[in-house]
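# Commentary on secondary and tertiary structure
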There are 2 protein chains.
Amino acid sequence: MTRALTAKGAATRQRIVAGTADLVRARGADQVGLDDIRAATATSKSQLFHYFPDGRAELLRAVAAHEAGEVLSDQQPFLDGLGPAGSWQAWRDAVVAKYQEQGVHCPLSALTTQLGPADPGIRVIVADLLDTWHTRIADGVRRAQAAGLADPSLEADKVASSILASIQGGVVMMQATGNIEFLKVPLDAALAVIEPPAGA
Amino acid sequence: MTRALTAKGAATRQRIVAGTADLVRARGADQVGLDDIRAATATSKSQLFHYFPDGRAELLRAVAAHEAGEVLSDQQPFLDGLGPAGSWQAWRDAVVAKYQEQGVHCPLSALTTQLGPADPGIRVIVADLLDTWHTRIADGVRRAQAAGLADPSLEADKVASSILASIQGGVVMMQATGNIEFLKVPLDAALAVIEPPAGA
DNA sequence: ACAAGGCTGGACTCCACAGTCCAGTCCGAT
DNA sequence: ATCGGACTGGACTGTGGAGTCCAGCCTTGT
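Residues numbered from 1 in each chain as written. Chains lettered and ligands numbered in written order. Predicted model: local features only at pLDDT ≥ 70, side-chain atom pairs only at ≥ 80, totals over all residues. Heavy atoms only, no water.

### Thoughts on the interface of chain B and chain A
- At the interface, 27 residues of chain B touch 27 residues of chain A.
- Interface area for chain B against chain A, summed over the two sides, is near 2200 Å², with a carbon-plus-sulfur share of 78%.
- On the chain B side of the interface with chain A, the three residues burying the most area are Val172, Met173 and Ala176 of chain B, jointly 21% of the side's total.
- At the junction of chain B and chain A, the tally comes to 0 salt bridges.
- Put simply, chain B and chain A have 0 residue pairs in polar contact (both at pLDDT 80 or more) between them.
- Where the side of chain B that touches chain A is concerned, the elements lending two or more residues are α6 (107-115), α7 (120-146), α8 (156-177) and α9 (181-192) of chain B. (Contact = heavy atoms within 4.5 Å. Buried area = accessible area lost by both parts, 1.4 Å probe. Salt bridge = Lys/Arg side-chain N within 4 Å of Asp/Glu carboxyl O. Polar contact = N/O pair within 3.5 Å; in protein donor to acceptor, adjacent residues only side chain to side chain. Helix = DSSP H or I, 4+ residues; strand = E, 2+ residues; numbered from the N terminus.)

Printed below as a string of structure tokens:
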């Protein structure tokens, strides 16, 4: 399936994907046409179809995969460090700061809400992302338990689901209302199970 | 702004909104064209524009308002009864059953993910819905506290945010993965704060 | 009964936008 | 140096779908 790609070609392809991702994040997938992409990435129609023979749909799948990677790599350092005292709070702060800064331009919601429903290929990407993310969090919970910092009777997978859902839900509510408290409060509540807030 | 509407006209308008809502739920907003709506509601283009002079956008706003009403009225009996022992579990079961049955055809996600982002007018509707829903839950928490069934030191508003986010996030994750556990588990965890599971 | 005006049908216009095509240019291997 | 194939530009086509128009029907009030 992979065709011969020179370094130059790979760079162009990458530029298209990244540029399209920016547009999708900013406006939503259905507000982004091939002409917008052309303009934003300094390319021509023929280039778009050269790199993505199946057209717009294939390009959007590539964008989805790209964004899914971004979501994870953004948090990679925090996720790997999850476990020790304070690590959960640090991650929480990073997540909140990230969403506070991006506001409505969120790769995650672009994936789940704009791209996902339409294309089954993209749903798979989203499902994989959630699964990986979930696994990383659950691993962190187990590390905390092994270190004696968290109640060993907790079921790590369930705790991870709960934390992850609080993020997803918090983001949805934040997007709709513009109030970041709807992210902070549920996330804090979900995390309290494993690492009670410092002030308690 | 309201024009004269005879009983017949009101019925037609209502038929259009309800029929469009069905289509949007089934396929997603961007997969529903005016011709689909015509076919599904046995109407003509001119009727569509007669009742919704601003066209598709205005119709979709009406659909959003309609669906928001449905979400609340579906749960009305449970929300009003929130407080007493067992009432939370009953509500939880109803919510889970509802989503299990609808699967991916969910008015709520249609609102938040399909319609919401594009149109600011719809975002307001969604924000109102979330706000009302949040208030109802918080009231239930306070009733439980007043009855001595829940820890009086809990902040009702925060607990309500946490519960609501677990539903939103659970639904998002369920949609993406097809696994309803991602709704059940976080919702149970959020509710455990106020009414510990029967088996505990 | 007979206006007045809400209600309905459906053909028509208009355009945004995905996708095609071909004539070129650049690069890398022999 | 030259040949093949990757790469690029941009004009062109075709179509789906939103919105327009107007002629005719039905209801309601007087």
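### Focus on the side chain of serine 87 of chain A
- With respect to the helices and strands, serine 87 of chain A occurs in helix α5 (residues 87-102).
- Serine 87 of chain A sits in the buried class, given a relative accessible area of 13%. (Buried < 20%, exposed > 50% of the residue type's maximum accessible area, 1.4 Å probe, protein only.)

### Quick look at the relation of the copies chain B and chain A
- Rotating chain B by 180 degrees and translating it 0.1 Å along the rotation axis places it on chain A, where the RMSD comes to 0.1 Å. Both copies of the chain, as the preceding transformation shows, are related through a two-fold rotation axis. Ranked by how close their C-alpha atoms come to the rotation axis, the residues of chain B are headed by glycine 169 of chain B, at 1.7 Å.
- Both copies share a contact surface, since 100% of the interface residues of chain B are interface residues in chain A too. (Least-squares fit on C-alpha atoms with pLDDT ≥ 70 in both.)

### Things to note about the protein's contact with DNA strand D
- Around DNA strand D, a shell composed of 20 residues is seen, among which Thr6, Ser46, Gln47 and Tyr51 of chain A together with Lys45 of chain B lie nearest.
- Each atom of DNA strand D within 4 Å of the protein was assigned to sugar, phosphate or base; sugar and phosphate come to 60%.
- A distance of 3.3 Å separates a phosphate oxygen of DNA strand D from a polar side-chain atom of threonine 12 of chain A.
- Separating a base nitrogen of DNA strand D from a side-chain N or O atom of serine 46 of chain A is a distance of 2.3 Å.
- Mapped onto the surface near DNA strand D, the elements with two or more residues apiece are α1 (7-27) and α3 (45-51) of chain A together with α3 (45-51) of chain B.
- Top contributing element to the surface near DNA strand D by residue count: α3 of chain A, with 5 residues. (Near = heavy atom within 4 Å.)

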